[in-house]
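Here are the chains, one letter per residue:
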Amino acid sequence: MSTYSPSRTVAIPQSVEEGAAFAGRPLLLPTSFLANGAGLFASMAWVGFGLSCLLWEDLGDWSRTHGLAVSVFIIAGIIFAATLGGSLLGRFGTGLRKRAPWLLVLGLFLTLWEVATAKFAWLPLPFFPPPQAIIEVYTDDLPKLLDSVFASVKLQLGGYAIGAAVGFLTGVSIGWSRSVGYWVHPVLRFIGPLPATAWLPFAFFTFPSSWSASTFLIALATGFPVTVLTWSGVAGVSNAYYDVARTLGAKPSFLVLKVAIPAALPHVFVGLFMGLGSSFAVLVVAEMIGVKAGLGWYLQWAQGWAAYSNMYAALIVMSLLCSGAITLLFWTRDRLLVWQKGVVKW
């Protein structure tokens, strides 16, 4: 009696070409297996980091080594729990699983950093402090660091807001009016290519205080890219939009506020992103030279006292501040340009 069943048939290559294709077919692992594997390895990497803090004696006097190890073991446990029960933890677990490869690389990097500095001094001290030395800065020198962060944020926000507002208005004026462009365009071509830091002597001599001079330099660094990109966006609006609006009886003010500016907003946000990076660079230089407060001043103070752990701690804070500002700008762009969802790719 025949026992043949179609459900049990196996696909057998019928030709040389099919056989080659069948043999060369890659073995694909399920996505969930790969994600869980990366999460488990990331958890193991963080456990290794914690063990590296405890297995060998520190070459220096750092009081936060034990606390750092405990915190690292907690992080490893969280990664392990999110890997096994990501669906139960909701968005938090899903986010951790997506970032498992980065967590794996970060754990390995921190382990190597700990071993190469605090345990065996492969990297010379104090130029390369260990992780626990930077943790000590955040616990012992937190008030001074927070005062510096507050001063930098206040200076940055003031200069960036002024530069963005002036740049936006100037860009719209140039893009809309040829007469304004006739007078402003040569000035932009003369001032724009010069880096804002080149105006340091002029700014500190002209303005009554170092704070106002630094605000001017940050505004200058922000204003030029915002002006150019806004001008490009307004000038690039299709004439068909204006023709349709005029047919419906639109006035010039309506054409500017309801047609030109909304259509140019993607270009405006590109200018805002470019101005944000330039303004942060000018902020640090201005604080290191003239302003007696802020993260730039803190960096110079730490360098003068050879407190390299304080310097690295300030650099990490600056990186987080810049990254947070960029994230906030992305969030604002996504809310304002929701009507262009799927069109704007950056």
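Bear in mind that the values here come from a model prediction, so they are computed numbers and not experimental data. (Residues numbered from 1 in each chain as written. Predicted model: local features only at pLDDT ≥ 70, side-chain atom pairs only at ≥ 80, totals over all residues. Heavy atoms only, no water.)

## Structural notes on the overall build of the protein chain
Operational definition: Numbering of helices and strands runs from the N terminus; a helix is a DSSP stretch of H or I covering at least four residues, while a strand is a stretch of E covering at least two. When accessible area is computed with a 1.4 Å probe and restricted to protein chains, residues below 20% of their type maximum are described as buried, those above 50% as exposed, and intermediate ones as partly exposed. For accessible areas, the Shrake-Rupley method is used with a probe of radius 1.4 Å. Any residue's cover is judged against the shown protein chains and nothing else.
Scanning the protein chain from terminus to terminus reveals 14 helices and zero strands. The order of α-helices and β-strands along the protein chain, N terminus first, is α-α-α-α-α-α-α-α-α-α-α-α-α-α. Scored against the burial criterion, the 346 residues of the protein chain give a buried share of 38%. Per element, the accessible surface of the protein chain, about 20700 Å² overall, is 71% carbon and sulfur.

## A word on helix α13 (residues 295-304)
Spelled out, the test is: The arc in question is formed by the directions pointing from the helix axis toward the C-beta atoms. Contact criterion: two residues are considered in contact whenever any of their non-hydrogen atoms come within 4.5 Å of each other.
Listed in full, the buried residues belonging to α13 are Leu295, Gly296, Tyr298, Leu299 and Ala302. One side of α13 carries all its buried residues, which in axial view fall inside an arc of 160 degrees. Against α6 (131-140), α7 (142-176), α12 (252-289) and α14 (308-336) lie the buried residues of α13. Two residues or fewer past α13, Ala306 is found with a positive phi of approximately 55 degrees.

## Details of helix α10 (residues 210-235)
In an α-helix, one full turn covers 3.6 residues, which means residues spaced three or four apart are oriented alike. Just so we agree on the cut-off: Expected span of a helix, by definition, is 1.5 Å for each gap between consecutive residues, and there is one gap fewer than residues. Bend at a given residue is defined as the angle between two axes, one fitted to the seven residues that end at that position and one fitted to the seven that begin there.
Taking 1.5 Å of rise per residue, 26 residues should cover 38 Å, and α10 covers 37 Å from first to last C-alpha, within 8% of that figure. Where α10 bends most, at Gly223, the angle is about 25 degrees, and the proline Pro225 comes one to four residues later.

## Observations regarding the environment of Thr94
Its location among the elements puts Thr94 in helix α4 (residues 91-98). A relative accessible area of 38% places Thr94 in the partly exposed class. Residues Thr94 and Thr83, eleven residues apart in the sequence, show an inter-C-alpha distance of 8.6 Å.

## Thoughts on the confidence of the model for the protein chain
Rule in force here: Every residue carries a pLDDT, the predictor's confidence in it, which falls somewhere between 0 and 100.
Within the protein chain, residue pLDDT values average 83, and 86% of them lie at 70 or more. With pLDDT under 50 throughout, residues 1-13 is counted as low confidence; its partners more than four residues away or in other chains account for four contacts. Overall, residues 26-34 carries pLDDT values under 50, and its contacts beyond four positions in sequence, including any with other chains, amount to two contacts.

## A word on the side chain of Thr215
Tracing the sequence through the fold places Thr215 in helix α10. Take Thr215: its relative accessible area is 15%, and that puts it in the buried class. Excluding anything up to four places from it in sequence, Thr215 contacts Leu155, Gly158, Gly159 and Ile162.

## Focus: the pattern of salt bridges
For the record, the criterion: Here, a salt bridge means any Lys or Arg side-chain nitrogen found within 4 Å of an Asp or Glu carboxyl oxygen.
Under the defined criterion, the tally for this structure stands at five salt bridges. Residue Lys119 pairs with Asp58 through a salt bridge whose shortest N-O separation is 2.5 Å. With a gap of 61 residues between them, Lys119 in helix α5 (residues 100-119) and Asp58 in the loop between α2 (31-55) and α3 (65-84) connect regions that are remote in the sequence. We note a salt bridge from Lys119 to Glu114, for which the minimum N-O separation is 3.5 Å. Salt bridges sharing partners connect three or more residues here, namely Asp58, Glu114 and Lys119.

## Some words on a nonpolar patch on the surface
Heads up, the condition is: Patch building starts from residues that exceed 30% relative accessible area and form no salt bridge, then joins like charges within 9 Å and nonpolar side chains (Val, Leu, Ile, Met, Phe, Trp, Tyr) within 5 Å.
Taken together, the side chains of Val47, Leu51, Leu54, Leu55, Trp56, Phe73, Leu112, Phe120, Trp122, Leu123, Phe127 and Phe128 define a hydrophobic patch exposed on the protein surface, amounting to about 1100 Å² of accessible area. When residues in the nonpolar patch are grouped by element, the largest group, four residues, is from α2. Topologically, Leu55 is positioned in helix α2.

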